[in-house]
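# Residue-level structure breakdown
Each chain is listed here by its residues.
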Amino acid sequence: TPLGGGVSRAVDLKGNGSGVPAGATAVVVNLTVVNTSASGFLALYANGIAYPGTSSINWDHAGQIVANTTLTAVDAAAVCQAYVPVSSQCDFFVDVLGYHR
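As the structure is a computational prediction, the values presented were derived from the model and not from experiment. (Residues numbered from 1 in each chain as written. Predicted model: local features only at pLDDT ≥ 70, side-chain atom pairs only at ≥ 80, totals over all residues. Heavy atoms only, no water.)

Taken in spatial order, the 4 strands line up as β1-β8-β3-β6 in an open sheet, and their pairing is antiparallel. At either end of the open sheet lies a strand with only one pairing partner, and these are β1 (3-4) and β6 (66-73). Relative to β6, strand β3 (residues 26-34) is paired through 8 bridges, and the arrangement is antiparallel. Paired with alanine 26 across the strands is alanine 73, a residue of β6. (Pairing = 2+ DSSP bridges. Helix = DSSP H or I, 4+ residues; strand = E, 2+ residues; numbered from the N terminus.)

What follows covers the pattern of salt bridges. This structure, assessed with the given rule, holds 1 salt bridge. Salt-bridge contacts for aspartate 12 lead to lysine 14; the nearest nitrogen and oxygen are separated by 3.0 Å. Owing to a relative accessible area of 45%, aspartate 12 belongs among the partly exposed residues under this scheme. (Salt bridge = Lys/Arg side-chain N within 4 Å of Asp/Glu carboxyl O. Buried < 20%, exposed > 50% of the residue type's maximum accessible area, 1.4 Å probe, protein only.)

These values are about where atoms sit, not about what they do.
Here it is, written out as structure tokens:
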């Protein structure tokens, strides 16, 4: 389902054979948004903290497909949060490229 409306969603980065172990501290990902609504952004950040006020990917109109490589901190279980502001929504997917311990 689309992410939006000021909602955050937990993303387990160990899934689907990514190779990311529990205990990783950060993950390098290719983040792609599709089916964007109005202009907006998506932020990835460590699970268990409040939204830090940053963005990992931005778009400027509805219907865009945008990709960006980014680094995000994760919690001890290799989980991050994805957040989209109230004014927009999108579908997204995350491809893991590597991790840091």
